[in-house]
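What the coordinates show
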Amino acid sequence: MTHPLRRPAADRLSRRHLLTASATEARPSGRRRRRTGPPGSAGSAGVRLRWLGNNGWEITFGDPDRPTTILIDPWITRFPTGTYTPKGADPATPLSVDTALIDSLRLRADQILVTHGHYDHLPDIPYIATRTGATVLGTETHANLLTALGAPGDQLSVVHGGEYLQFDGYTIQVINSLHSMTGPRSKVPFPGTRPGSPPPRPKVISDLVEGGTLAYLITIGDRLSILDSGGANYDARHLAGLAPDVLLVQPGGASVPDYVPRLLDVLDHPPYVIPTHWDDFDHPLTEPAHDWGGLPALQAAVHRSSPEARFIRLDHLETFTF
């Protein structure tokens, strides 16, 4: 299911747009991102991103008949929590998984990357992992929570941040990151870890604690690199020198000084910026995305800080191919 774009052409790229970057693309700072050609030129299928809502992404590339697929935080079910209402999320909201909705998307996956353990990231992963056989990367807490939710233990790979993993034609770099801190006291929602043995099966959203936050840099040959920053916060020391081609960035960051300018600067101003985690997930994935209120400020900050960057805004289940 793909929704047509509902935005002016100036705000995004056409899905049929042929990108015309040169083989070696210079950035404003003078550093360079090396490519063998325009994104998508090395391989007939290109690299396709599909937004699964919230911070959920499907990245596919390679053989069109059997593409490699990486999922980031695939949370398809969605259920009302009140997260973006004045009262905030109700901690006693029951967890649920809509297996029929997940099956309707016919997801495949080689790897599933977990950025953190909260209710809007984790609950669907055990079912998707079981269906696809994917390897799931996450912290010890993420793995314990997933085990408690029924994920196959032999498919879970515990990472800590700092790992640089080689696969067939691509790499995944695991990066220590930080969760957004909200409210007048700058707190992480539902904080905590679950080390050691898996806890009892989580039943409500407050049972799914943050458990550490990770960012991921996916580099596909020498064609394209994609960074998901993991939250509306970051540790710049771990991002220096990465220089991704595509940045998946969240709105917010009110507790972070110069959140967007510093992020874009430390990443050497990525040529393509795609907003993520900007939709109110009290509304289902089958509807057009409802902005929770942070998107205009994010877009304006990107345009001020990095006017050469392309800001690509996708709707639910919409795809863009590089």
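Check the entry above for the structure.
Some remarks on the overall build of the chain
- Scanning the chain for helices and strands turns up six helices and 16 strands.
- Sorting the 322 residues of the chain into buried and exposed places 55% on the buried side.
- Put simply, 66% of the contacts in the chain that link residues at least 6 apart link residues at least 24 apart.

A look at the nonpolar core
- Grouped together as the largest cluster of nonpolar side chains are 54 residues, with contacts concentrated most on Leu49, Ile59, Ile226, Leu227, Leu239 and Phe322.
- Here this core gets six residues from one element, more than from any other, and that element is strand E11 (residues 213–220).
- With residues up to four places along the chain from it excluded, the contact list for isoleucine 59 reads Val47, Arg48, Leu49, Thr68, Thr69, Ile70, Ile72, Ile218, Ile220 and Ile226.
- With 33 residues, the next largest nonpolar core counts Trp75, Ile128, Leu149 and Leu208 among its residues.

Focus on the environment of threonine 132
- Structurally, threonine 132 is set in helix H2 (residues 125–132).
- Using a relative accessible area of 22% as the deciding quantity, one classes threonine 132 as partly exposed.
- Distance from threonine 132 to leucine 107, taken between C-alpha atoms, is 7.5 Å for residues 25 residues apart in sequence.

What to know about the packing of helix H5 (residues 259–266) against helix H6 (residues 295–305)
- It is at 9 Å that the axes of H5 and H6 come closest, and there the two elements cross at 50°. Between H5 and H6, the angle falls in the class oblique. Note on packing geometry: the crossing formed by H5 with H6 is right-handed. Note on element contacts: H6 touches H5 through Leu298, Ala301, Val302 and Ser305, opposite Val260, Pro261 and Leu264.
- Of the residues assigned to the contact of H5 with H6, the class counts are six nonpolar, one polar and no charged.

Let's talk about the side chain of aspartate 228
- Mapped onto the elements, aspartate 228 comes out in strand E12 (residues 224–228).
- Arginine 78 provides the closest opposite charge to the buried, salt-bridge-free aspartate 228, at an N-O distance of 13 Å.
- A distance of 2.9 Å separates a polar side-chain atom of aspartate 228 from the backbone nitrogen of glycine 230.

Focus on the packing of aromatic side chains
- Counting across every chain of the model gives 13 aromatic pairs.
- For the pair tryptophan 51 and tryptophan 278, a centre-to-centre distance of 5.2 Å together with 20° between the ring planes defines the contact as stacked. One end of the pair, tryptophan 51, is in strand E3 (residues 47–51); the other, tryptophan 278, is in the loop between strand E14 (272–275) and H6, with 227 residues separating them in the sequence.
- Residue classification places tryptophan 278 among the buried positions, given a relative accessible area of 1%.
- Taken together, the ring pairs in this structure connect Trp75, Phe79, Tyr84, Tyr119, Phe190, Phe281 and Trp292 into an aromatic cluster.

Some remarks on the layout of surface pockets
- Space inside the largest pocket adds up to approximately 770 Å³.
- Every residue lining the largest pocket is counted, 33 residues in all, and those nearest its centre are Thr83, Tyr84, Ser180, Thr182 and Pro189.
- Looking at the lining of the largest pocket, its residues break down into twelve nonpolar, 18 polar and three charged.

A closer look at the pattern of salt bridges
- Applying the stated criterion across every chain, the model contains five salt bridges.
- With a closest N to O distance of 2.6 Å, arginine 237 and aspartate 235 form a salt bridge.
- Exposure remark for arginine 237: the relative accessible area of 68% places this residue in the exposed category.
- On the accessibility criterion, aspartate 235 (15% relative accessible area) is buried.
- Overlapping salt bridges bring together Arg48, Arg50 and Glu58 as one network.

Topic: the sheet that holds strand E13 (residues 246–249)
- Spatially, seven strands are ordered E9-E10-E11-E12-E13-E14-E15 in an open sheet, and the strand pairing comes out mixed. Edge positions in the open sheet fall to strand E9 (164–167) and strand E15 (310–311), since each of these has one partner strand only.
- Note that E9 and strand E10 (residues 170–177) share four bridges and pair antiparallel. Residue tyrosine 164 lies in a different strand from E10, and its bridge partner there is glutamine 173.

How each quantity is defined
Residues numbered from 1 in each chain as written. Predicted model: local features only at pLDDT ≥ 70, side-chain atom pairs only at ≥ 80, totals over all residues. Heavy atoms only, no water. Helix = DSSP H or I, 4+ residues; strand = E, 2+ residues; numbered from the N terminus. Buried < 20%, exposed > 50% of the residue type's maximum accessible area, 1.4 Å probe, protein only. Contact = heavy atoms within 4.5 Å. Core = buried A, V, L, I, M, F, W, Y, C linked by side-chain atoms within 4.5 Å. Axes fitted to C-alpha atoms, helices over the stretch in contact; angles between N-to-C directions. Parallel < 35°, antiparallel > 145°, perpendicular 65-115°, else oblique. Left-handed = near helix turned anticlockwise from the far one by under 90°. Nonpolar A, V, L, I, M, F, W, Y, C, P; charged D, E, K, R; others polar. Lys, Arg positive; Asp, Glu negative; His and termini not counted. Salt bridge = Lys/Arg side-chain N within 4 Å of Asp/Glu carboxyl O. Polar contact = N/O pair within 3.5 Å; in protein donor to acceptor, adjacent residues only side chain to side chain. Phe/Tyr/Trp six-rings, centres within 6.5 Å; stacked < 30°, edge-to-face > 60°. 1 Å grid on protein atoms, 1.4 Å probe; cavity = no way out; pocket = protein on both sides within 12 Å on 5 of 7 lines; lining within 4 Å. Points joined across faces, edges and corners; volume = space filled by probe spheres on them. Pairing = 2+ DSSP bridges.

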